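# Chain and residue survey
Chain by chain, the residues:
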Amino acid sequence: MNILIINSGSSSIKYQLLEMPSAKIICLGSIERIGSKEAISSYKTDHVKIEKIYEIKDHKAGLKRITSLLLDSEKGVIKSTDDIDAIGHRVVHGGSSYTKTTLINEEVKNKIKNLSPLAPLHNPANLEGILMAEEIFNTSKQFVVFDTAFHGTIPVKAKQYAIPGELYKEKGIQAYGFHGTSHKYVSEKAIEYLKLKKSKLISIHLGNGCSITAIKDGKSLDHSMGFAPSNGLVMGTRSGDIDHSIIFYMVDTLGYSIDDVKELLNKKSGMLGLTGYNDLRDIESEASKGNNECIIALEMNAYRIKKYIGAYTAIMNGLDAIIFTAGIGENSSLMRQLVCKDMSYFNIHLDDAKNDLRSSTIREINTENSKVKILVIPTNEELEIAKQVYNLIA
Ligand code: ADP
């Protein structure tokens, strides 16, 4: 069975075509920096590797580009769109209604749309991906896997906010948690790799969006993002934790409209707001040339992660391993070094030489005497989604 996975991020689409249940990858690729004149399109099969820079205006144009690569008479992997049996879409916010992989119908699409105000960078892009895919792959079954699903185990004391109780009970205002497919995938890999029966893990997903999860015995116990994917760590363009009084001050005293504040906190803050760059590669390169704003932004980013590691070690009363994953977590040895520096009280000791090695497989980068293991685990949200879709169909 051929299952195509479409994973639309705020400014990227990652895709994989897998043969299930063997999990053989027929092709994979991504389009990064959507919305820019220099979007990077990559496509890889057993025989072909293409990377090109194009202007890709939006997610719609991105999906069209992917389809033409799949169908290409020389480099493509399918003859017709009918060759795709099912499509699995990653959708960021499923609210409390969807905690399992779900067949897409009108009701599901409406729910994704209605939840868009809570995930403005993602749910609209995810829905657009679904609508486009339904148009192009009109004979394939379409499924959705929600990022919120893995966090259904977070206890009430961690997910309810200290505001009047009816807002939780009647209006669904609570922390939902995100990047669930990734946190689930890498924590299961860590448990398998370390052969743990009982486990206390902290999974750190650092991409354009960043989040951190406390995972005890395979279950999400607490998570840095909350009601929407905006809380917690410093991200590419999102502020993460912020005192809500700042929002009132900006509106009441500085004259911002609420829409301006929303735009500012979601799209103009984080590393972009601090430095003018949102890609960590640019920020690291500037920092190495002495750009002070970039140096401070990197330190702020790592400092916030350290605080969450401390908090999550406390709530689990211990820690077996921390896991770095996603674009920054997997590739930035500098960010990992800044996070793990001066953590001897927590028994976290980084081996600098191992940290500098690059690899596309799971690796351990702690010293021999480090009680807490430090793992770099490449996330594979696409494989996790394919498994869930296959299991549902099978
Ligand atoms: P998304 O949240 O869109 O899925 P990714 O997980 O692909 O994001 O991460 C994208 C980010 O990873 C980029 O913005 C970039 O900052 C960072 N990144 C990718 N490669 C490197 C690298 N070699 N060094 C540092 N950062 C990197």
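Numbers given for residues are sequential positions, taken from 1 along each chain in its written order. Residue-level local features of this predicted model are given only where pLDDT is at least 70; pairs of side-chain atoms are given and counted only at 80 or more, and the full residue set underlies all totals for whole chains, interfaces and linings. Processing note: side-chain calculations cover all non-hydrogen atoms of the structure and skip hydrogens and water entirely.

Here the focus is the sheet that holds strand E6 (residues 86-91). Here the rule is simple: two strands pair whenever DSSP picks up at least two bridges between them. Only DSSP runs of H or I covering at least 4 residues are called helices, and only runs of E covering at least 2 are called strands; the numbering of each starts at the N terminus. Read from one edge of the open sheet, 8 strands run E5-E4-E3-E2-E1-E6-E8-E7, paired in mixed fashion. The open sheet terminates on both sides in strands that have one partner only, identified here as strand E5 (49-54) and strand E7 (102-103). Bridge count for strand E1 (residues 2-8) against strand E2 (residues 13-19) is 7 bridges, and the pairing is antiparallel. Across the sheet, residue Ser8 finds its bridge partner in E2, namely Ile13. The criterion used for residue contact is that any of the two residues' heavy atoms lie within 4.5 Å. What counts as an axis is a line fitted to C-alpha atoms, over the stretch in contact for a helix, and the angles between N-to-C directions run from 0 to 180 degrees. Across the sheet, helix H1 (residues 59-71) lies against E1, E2, strand E3 (24-32), strand E4 (39-44) and E5, angled at about 30° from E2, the strand it touches most. Helix-sheet contacts for helix H3 (residues 123-136) involve E1, E6 and strand E8 (141-146), and the interaxial angle to E6 is about 170°.

Once that is clear, we can look at a nonpolar patch on the surface. The patches reported here contain residues having more than 30% relative accessible area and no salt bridge. Joining distances are 9 Å for like charges and 5 Å for nonpolar side chains (Val, Leu, Ile, Met, Phe, Trp, Tyr). Note on areas: Shrake-Rupley with a 1.4 Å probe; residue coverage comes only from the protein chains shown. Counted as salt bridges are all cases of a side-chain nitrogen of Lys or Arg within 4 Å of a carboxyl oxygen of Asp or Glu. A contiguous nonpolar surface patch, about 300 Å² in accessible area, is contributed by Tyr249, Leu254 and Tyr256. With a 1.4 Å probe rolled over the protein chains alone, any residue whose accessible area is under 20% of its type maximum counts as buried; one over 50% counts as exposed, and the rest are partly exposed. Residue class for Tyr249 comes out partly exposed when judged on its relative accessible area of 47%.

A word on the sheet that holds strand E12 (residues 321-325). Here we have 6 strands laid out as an open sheet, ordered E11-E10-E9-E12-E14-E13, and mixed in their pairing. Every other strand in the sheet has two partners, leaving strand E11 (219-223) and strand E13 (363-364) as the edge strands with one partner each. Sheet analysis places strand E10 (residues 210-216) next to E11, joined by 4 bridges and oriented antiparallel. When the bridges of E11 are listed, Thr213 appears paired with His223. The strands touched by helix H13 (residues 333-340) are strand E9 (200-206), E12, E13 and strand E14 (373-376); relative to E12, the strand with the most contacts, the crossing angle is about 155°.

Attention now moves to the site of the ligand. Here a residue is considered near a molecule or strand provided that any single heavy atom belonging to it is located within 4 Å of it. Every one of the 13 residues lining the ligand counts as a neighbour, but Ser12, Lys14, Asn208, Leu280 and Gly327 are closest to it. Here Ser12 contributes a side-chain N or O atom positioned 3.2 Å from an oxygen atom of the ligand. In this structure, an oxygen atom belonging to the ligand sits 3.4 Å away from a main-chain N or O atom of Ile328. Within the complex, 85% of the 580 Å² of free accessible area of the ligand lies under protein. Polar contact is defined as a pair of N or O atoms within 3.5 Å, subject to the rule that within protein one atom must be able to donate a hydrogen and the other to accept it, and that residues adjacent in sequence are counted only when both atoms are side-chain atoms.

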